[in-house]
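Structural description and commentary
These are the residues of each chain, in order.
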Amino acid sequence: HHSWSAAPLPPRRRALQAAIRDGRLSRLQLVRSLEFSTERPRMRCCQPPAARHCRRTATAALRPLLRSCTTKARLKASLNLPKTSFSLHAKVAETEPRLARQLAVDHYERQAAQRGGADAFVLHDGPPYANGDLHMGHFLNKALKDIINRAALLAGHRVHFRPGWDCHGLPIEMKAIQAGEAESLSPLALRARAAECAREAVAAQRESFVRWGVLGDWEAPYTTMAPEYEAAQLGVLQAMLRRGLLFRGERPVHWSPASRTALAEAELEYADRHVSTAAHVAFPLLEGPPAAAAAADFDPFDGGSALEGAAVVVWTTTPWTIPANQAVCVREDLTYAVVEASDVQPASAPSQLPSEPALPAAAEVEERVRAQGEVVRAAKAALKEGRGSKAEVEAGVAALLRLKLELQSGKPELQPGDSPPNLNASPLPHGARLVVAASLVDALSEALGTPLVVAATLPGAALIGRHCAHPLSARPVPVLHAEHVTDDAGTGLVHTAPGHGPEDFAVGVAHGLAAACPVDEKGCFTAATEEAAGFAGESVLDDGNEAVLTALREGGSLLAAARHEHRYPYDWRSKTPVIFRTTPQWFVRLGDLRGEALAALHAVEMRPPAGRARLEAFVRGRTEWCLSRQRSWGVPLPAFYHVETGEALLTEETVEHVASLVSTHGSDCWWRLSEAELLPPRMRHEAASWRKGGDTLDVWFDSGASWSAVLSPDRCPPADLYLEGSDQHRGWFQSSLLTYAGAGGGRGGGGGGAGGGGAGAPYGAI
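Presented here is an overview of the structure given in this document. The residue count restarts for each chain, going from 1 along the sequence in the order it is written. It should be noted that, the model being predicted, local features are given only for residues of pLDDT at least 70 and side-chain atom pairs only at 80 or more, the latter also being counted only at that level, while totals for whole chains, interfaces and linings use all residues. Heavy atoms throughout the structure, all of them, feed into the side-chain values; hydrogens and water do not.

1. Focus on the overall build of the chain
To be explicit about the condition: We count a stretch as a helix when DSSP gives it H or I for four or more residues in a row; a strand needs E for two or more, and each element gets its number in order from the N terminus. Exposure categories follow from relative accessible area, calculated using a 1.4 Å probe and restricted to protein chains: below 20% of the type maximum is buried, above 50% is exposed, and the middle band is partly exposed. Between two residues, a contact is recorded if the distance between any of their heavy atoms is within 4.5 Å. A 1.4 Å probe and the Shrake-Rupley method give the accessible areas. Residues count as covered only by the protein chains that appear here.
The number of helices and strands found in the chain is 23 helices and 26 strands. Scored against the burial criterion, the 766 residues of the chain give a buried share of 47%. For the chain, long-range pairs separated by at least 24 residues make up 80% of all intrachain contacts whose partners lie at least 6 apart in sequence. In the structure as shown, the chain presents an accessible area of about 36700 Å², 54% of it carried by carbon and sulfur atoms.

2. Things to note about the packing of aromatic side chains
Pairs of aromatic rings are described using the distance from one ring centre to the other and the angle between the two planes. What counts is decided by this rule: Classification of ring pairs rests on two measures: the distance between centres of Phe, Tyr or Trp rings, Trp counted by its six-membered ring, which must be within 6.5 Å, and the angle between planes, read as stacked under 30 degrees, edge-to-face over 60 and tilted in between.
The final tally for this structure, using the stated rule, is 14 aromatic pairs. For the pair Trp 165 and Trp 218, a centre-to-centre distance of 6.3 Å together with 55 degrees between the ring planes defines the contact as tilted. You can see Trp 165 sitting in strand E5 (residues 164-165) and its partner Trp 218 sitting in the loop between helix H8 (187-211) and strand E6 (222-223), a full 53 residues away along the chain. For Trp 218, a relative accessible area of 1% puts it in the buried group. A ring pair is formed by Phe 209 and Trp 212, whose centres lie 5.5 Å apart and whose planes are at 75 degrees; its orientation type is edge-to-face.

3. Quick notes on the packing of helix H16 (residues 591-600) against helix H17 (residues 610-620)
Worth spelling out the cut-off: Only C-alpha atoms enter the line fits that serve as axes; for helices the fit covers just the stretch in contact. Angles between N-to-C directions range over 0 to 180 degrees. Angular relationships are summarised with four words: roughly parallel below 35 degrees, roughly antiparallel beyond 145, roughly perpendicular across 65 to 115, and oblique for the angles in between. Amino acids outside the nonpolar list (Ala, Val, Leu, Ile, Met, Phe, Trp, Tyr, Cys, Pro) and the charged list (Asp, Glu, Lys, Arg) are all regarded as polar, and Gly is one of them.
Put simply, H16 and H17 touch, their axes get as near as 10 Å, and they point 170 degrees apart. As the angle between them shows, H16 and H17 are arranged roughly antiparallel. Contacts between H16 and H17 involve Arg 594, Ala 597 and Leu 598 from the first element and Glu 616, Val 619 and Arg 620 from the second. Within the contact of H16 with H17, the residues separate by chemical class into three nonpolar, no polar and three charged.

4. Description of the pairing of strand E3 (residues 120-124)
Operational definition: By this definition, two strands are paired if DSSP reports at least two bridges between them. Whether a crossover is right-handed depends on one test, that the path from the first strand over the helix to the second runs clockwise when the strands point away from the viewer.
Counting buried positions along E3 gives four out of five residues, so the element sits mostly inside the fold. Bridge count for E3 against strand E4 (residues 158-160) is three bridges, and the pairing is parallel. Bridge pairing in E4 links Val 122 to His 160. Handedness of the β-α-β unit built from E3, helix H6 (residues 136-154) and E4 comes out right-handed.

5. Observations concerning the pattern of salt bridges
To keep things clear, this is the line we draw: Think of a salt bridge as a Lys or Arg side-chain nitrogen and an Asp or Glu carboxyl oxygen that are within 4 Å of each other.
Enumeration according to the criterion identifies 21 salt bridges in this entry. A salt bridge links Lys 142 to Asp 125, with the shortest nitrogen-to-oxygen separation between them at 3.5 Å. On the criterion of sequence distance, the pair formed by Lys 142 in helix H6 and Asp 125 in the loop between E3 and H6 is long-range, its members being 17 residues apart. One exposure class covers both Lys 142 and Asp 125, and it is buried. As a salt-bridge pair, Glu 653 and Arg 682 come within 2.9 Å of each other at their nearest N and O atoms. In this pair, Glu 653 sits in helix H18 (residues 652-665) while Arg 682 sits in the loop between helix H20 (675-678) and strand E24 (690-692), placing the two residues 29 residues apart along the sequence. One continuous salt-bridge network, built from bridges that share partners, spans Asp 125, Lys 142, Lys 145 and Glu 724.

6. A short note on the sheet that holds strand E10 (residues 311-316)
Whether parallel or antiparallel, the strands of a sheet pair through hydrogen bonds between backbone atoms. Overall, mixed pairing links the six strands, which are arranged E14-E12-E13-E10-E9-E18 in an open sheet. Each edge of the sheet is formed by a strand with only one pairing partner; in this case those strands are strand E14 (452-459) and strand E18 (558-571). Adjacent strand axes in the sheet meet at a mean angle of 30 degrees, parallel and antiparallel pairs treated alike. As paired strands, E10 and strand E13 (residues 433-437) are joined by two bridges and run parallel to one another. Bridge assignment links Ala 311 to a residue of E13, and that residue is Leu 434. Packing of helix H13 (residues 441-448) onto the sheet brings it into contact with strand E9 (268-284), E10, strand E12 (335-341), E13, E14 and E18, and relative to E13 it is tilted by some 130 degrees.

7. Digging into the sheet that holds E24
The antiparallel open sheet is built from three strands, whose spatial order is E23-E22-E24. The sheet is open, and its two edges are formed by strand E23 (648-649) and E24, each paired on a single side.

8. Let's talk about the side chain of Thr 223
Tracing the backbone through its elements, the reader meets Thr 223 in strand E6. In contact with Thr 223, not counting residues within four places along its chain, are Trp 165, Cys 167 and Tyr 229.

9. Considerations on unusual backbone geometry
The amide bond that connects Arg 607 to the next residue, Pro 608, takes the cis arrangement and shows omega of -5 degrees. Along the chain, Pro 608 turns up in the loop between H16 and H17. Each neighbour pair has its own omega, and for Cys 716 with Pro 717 the value is -5 degrees, a cis peptide bond. Phi angles above zero are rare outside glycine, and Lys 91 is one such case at about 50 degrees. The topology assignment puts Lys 91 in the loop between helix H4 (72-77) and helix H5 (92-114). A positive phi angle, near 65 degrees, is found at Ala 474, a position not held by glycine. You can see Ala 474 is positioned in the loop between strand E15 (467-469) and strand E16 (476-481).

Listed below in structure tokens is the structure:
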């Protein structure tokens, strides 16, 4: 508001100092003088003389006054600022681990101590595999659980969350086995390696979980290889024995040649586009008994039976099972046709198979692998952007794996409908008679590439009681009725090998057929049957299958062969095809137990509701549970076998004694101690007559029994919530339900923790 000009200021220092000491000059006046002087310290204001004199006096005295009367400390003390120990610098590398531990460990211990009388909220942690580094699946799993646990804390509950790890199973065992050393390692040496691998993985994963700040009892997690856990698991086995739910028998089970062990349904995954060699095979009919001929209600021609000189045709996607064939099954209420080839088979027919195609150069295959890799990457990018589908990605990955296999093996990839190399099918002569379901005559004609004329029709009952000649040995095999036979596909006649399929096995039991299984644990043929002896040592999934097809062609029984795409089970760990193989195994009988488990689910809350139907379908579809595994790393199945008769010994008493040893010494004691030490005291004098078995328990039984080792037996249900991915409807959710129901709803487990509790399910919600 004023104009200024430069002018010297006359000093008035003493007067100003005296005025401040006497209180005649206030702090406000001093500050105003400071503001005035700092803007234009040497400017003259065109104001009245009195005003200019006052300002000159304050300005001239300001600087020496501040130097003599004011210090930095006094000015700082005059400011009313908050006081904090919070560091000016972030120091993330030091601060974050400390804060994460407070969130994960200290908060859990504090709430457990301060809320001892509050209602508990129990979220039971499904144990992840102690194998490999953590990934986004682990993060999603633990983040969801942490959200729920902290919400329960805000609601006033005391949270019980004890993290765990599944430490047994094939992935860890395979990691412990170095290349070329599998055969030389003793079980104890292998177990020591596997245990060390599991401990290292648990330590690394635990550190990461804590760093994520996940609330839990990280100072006392559970592992399935801890002695107290293993003893509790054997207690569940003892309780199921008490109820008569365990038995030993020979059954066709899913067998992994790559892993050399039996597999449960929960250990399988299904490839929707698996390609097999499907074959049409002729079984010549032998002369039937008079009673069977009289029962046939059809018109004869040329004065003889329509079946004279005919052959029944079966269709199979597993030609390697032909050496184990024991029968051909039909359906008595289906109509069958006797057909004749109307002309010589055309040279262009699909059953005339081409010779070996030229192998593509390695460089060409490598280029196809690179191109398919680009296709997979593009499909994944499209899926991420919401433009593609998961099915497209899976199909691309499957094609890439097939190409990589072709590159490794040097064999060309064959597509569905292509014919296998070096397999020229047997020509079908003019007038040859074949028996096929009447509704599938056209399909057979197309497969053979030959026009077929129906000469007669007959009911399936007219075939029952007759015999066929085995195509590899001419051994008589019966024609039987079976309910699983349909005319939806194939030929309406089913090749039956009781040793290689559950439905075939059921037919064999009903008719007293042998469950021949000429295949060893490596998936190679043995000389167990006359027909398989010539293929001994060859893999049934590779060269052995082609050898069987070649033998059928040379014997004149192979009518057609082509690649067929269908759904097929794979070992979920090794990602390789499995087979059905009949071996002595231990099973859980799920007949009555299945009903108890389904009834228990009525009281369980499901999120989302569709999960109920999914879990019920898996439980309802099971009749038996194969418990035994032919592996070394796991909880031993404590069975003994008589050295002379092979009789099995597995009782409550023997299991209880072994469980007490395991709780003290760990499960290694099964391999370390002698039979005399492992048998109950009253049986030690019989130790020379018994040998201990080498099987271990299914890992799903390991994790499924976690409720007995981790949760309180006094709660009903033991856990408020189980939370895992939807794949656990066929895995941990199901195995936990079956073990809990099998042990009597947690009652009377004995031997290490499976006692108490009530009926129902081990969880209140899923």
